[in-house]
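# Reading the structure
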Amino acid sequence: MQTLAMLPLKMNSTRVPNKNTIPIGPYKGGIAEIKMEQLIKCETVDCIFVSSESDKIFDIIKNTENRLNNKKPVYYNKRPLEYVGDCHTDKWIKYLSTQVEKISDIENVMLVHATSPFFDEKEIDKFVKEYKKNYEKNKIDSYVTCDVIRNFLWKDGKPWNYDPETQGRFPLTQTLEPLYELNSAAHIFKFNDYIETGDKLPGLAGFYETDWMVSLDIDWPEDFKRLKILWETYRG
């Protein structure tokens with residue numbers, strides 16, 4: 001039974017035009033090329049499913065395969081325009097699942113995004129291994145990357161995530177119950193569970209904590225500027 005990485009890549013983005021293909025350092029194909037290279041290098045990924053409406057993106061992915069002499073199966077899906085742009089996430093994931101159903105022997109599906117370029121092959125392998133280990137121990141059914149929040153959150157003029165009467169007005173932040181902010185680096189789940197529920201976090205979800213750089217999501221022009229600086233500093 002295999003683990004399939006699902007990589008959706010659209011050509012046009014409203015907030016950062018063509019963000020998946022803007023060159024970054026030596027990567028002329030941008031974050032699309034970076035993420036594909038990471039997936040090819042992963043030990044825990046058996047096959048890769050790339051979905052896009054753009055032939056330019058497919059060319060970037062194929063060139064990356066050739067450059068790395070890739071041996072893993074890669075499935076290319078030309079996504080209809082109705083599942084591109086402002087299409088609701090649940091809608092296009094449901095469409096992609098109907099395409100993955102055509103591939104035999106898929107047990108786990110990991111949804112990853114090129115917009116988290118610091119979630120690299122080492123992090124991905126750790127993420128998948130931890131999911132499998134915790135699943136086998138019946139601790140979780142699905143797994144998602146997240147940022148952990150342990151700060152003072154207030155709502156309606158009063159503390160929301162702690163009790164000032166029992167914990168004090170401003171208790172030590174490390175004593176606060178953690179809250180989990182899901183990020184877009186990765187989700188992983190049993191494919192059959194998704195087919196049954198239509199939920200990319202079916203059953204009991206587990207949380208994989210990421211630091212600020214790993215969870216960096218390229219969504220706004222400021223994020224892309226930050227990415228270029230960080231990539232040159234840490235990966236250049």
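Cut-offs and rules
- Residues numbered from 1 in each chain as written.
- Predicted model: local features only at pLDDT ≥ 70, side-chain atom pairs only at ≥ 80, totals over all residues.
- Heavy atoms only, no water.
- Helix = DSSP H or I, 4+ residues; strand = E, 2+ residues; numbered from the N terminus.
- Buried < 20%, exposed > 50% of the residue type's maximum accessible area, 1.4 Å probe, protein only.
- Contact = heavy atoms within 4.5 Å.
- Areas by Shrake-Rupley, 256 points an atom, 1.4 Å probe, with all protein chains shown as cover.
- Lys, Arg positive; Asp, Glu negative; His and termini not counted.
- Charge placed at Lys NZ, Arg CZ, Asp CG, Glu CD.
- Salt bridge = Lys/Arg side-chain N within 4 Å of Asp/Glu carboxyl O.
- Axes fitted to C-alpha atoms, helices over the stretch in contact; angles between N-to-C directions.
- Parallel < 35°, antiparallel > 145°, perpendicular 65-115°, else oblique.
- Left-handed = near helix turned anticlockwise from the far one by under 90°.
- Core = buried A, V, L, I, M, F, W, Y, C linked by side-chain atoms within 4.5 Å.

Let us now look at the overall build of the chain. Helix and strand counts for the chain stand at seven helices and nine strands. If one aligns the C-alpha atoms of the chain with their principal axes, the spans along those axes are about 60 × 40 × 35 Å. Relative to its 236 residues, the chain shows a buried fraction of 49%. By sequence separation, contacts in the chain at least 24 residues apart represent 74% of the contacts at least 6 residues apart. When the accessible surface of the chain is split by element, carbon and sulfur atoms take 48% of a total near 12400 Å². Separation between the mean location of the 33 positive side-chain charges and that of the 37 negative ones in the chain comes to 4 Å.

Moving on: the pattern of salt bridges. What the rule picks out here adds up to 10 salt bridges. The closest approach of N and O atoms between E33 and R67, which form a salt bridge, is 3.1 Å. You can see E33 sitting in helix α1 (residues 30-41) and its partner R67 sitting in helix α2 (residues 55-67), a full 34 residues away along the chain. Judged by relative accessible area, R67 falls into the partly exposed class, the value being 44%. For E37, the salt bridge is made with K41, and the minimal N-O distance between the two is 3.3 Å. Here the residue E37 and the residue K41 both occupy positions in helix α1, the gap between them amounting to four residues, near one helical turn. Its relative accessible area of 9% is what places E37 among the buried residues.

Turning our attention to the side chain of S52. Within the secondary structure, S52 sits in strand β2 (residues 47-52). Taking relative accessible area as the criterion, S52 reaches 0% and is therefore assigned buried. In contact with S52, other than residues within four places in its own chain, are L9, K10, I57, F58, N77, K78 and R79.

What follows covers the packing of α1 against α2. Each pair of packed helices gets described by two things: the angle between the helix axes and the distance between those axes. Between α1 and α2, the shortest axis-to-axis distance is 9 Å and the interhelical angle comes to 40 degrees. Classified by the angle their axes make, α1 and α2 are oblique. Here α1 and α2 pass one another in a crossing that is right-handed. Here A32, E33, M36, E37 and I40 of α1 come into contact with α2, specifically with I60, I61, T64, E65 and R67.

Here the focus is unusual backbone geometry. For D105, which is not glycine, the phi dihedral falls at a positive 70 degrees. Within the secondary structure layout, D105 lies in the loop between α3 (89-100) and β4 (106-112). For D156, which is not glycine, the phi torsion reads 55 degrees and is therefore positive. Locating D156 in the fold gives a position in the loop between β6 (154-155) and β7 (158-159). Assessed through its relative accessible area of 71%, D156 is described here as exposed.

Before going further, it helps to examine the nonpolar core. Counting residues in each nonpolar core, the largest one holds 45 residues, and the members touching the most others are L39, M110, F127 and L227. Taken together, the elements giving at least two residues each to this core come down to β1 (2-8), α1, β2, α2, β4, α4 (121-136), β8 (179-190) and α7 (221-234). It is α1 that contributes the most residues to this core, six residues altogether. Excluding residues that lie within four positions of it along the chain, L227 makes contacts with I24, I31, P117, F118, L216 and I218. Within the second largest apolar cluster, 17 residues are counted, among which are W92, L96, F189 and F191.

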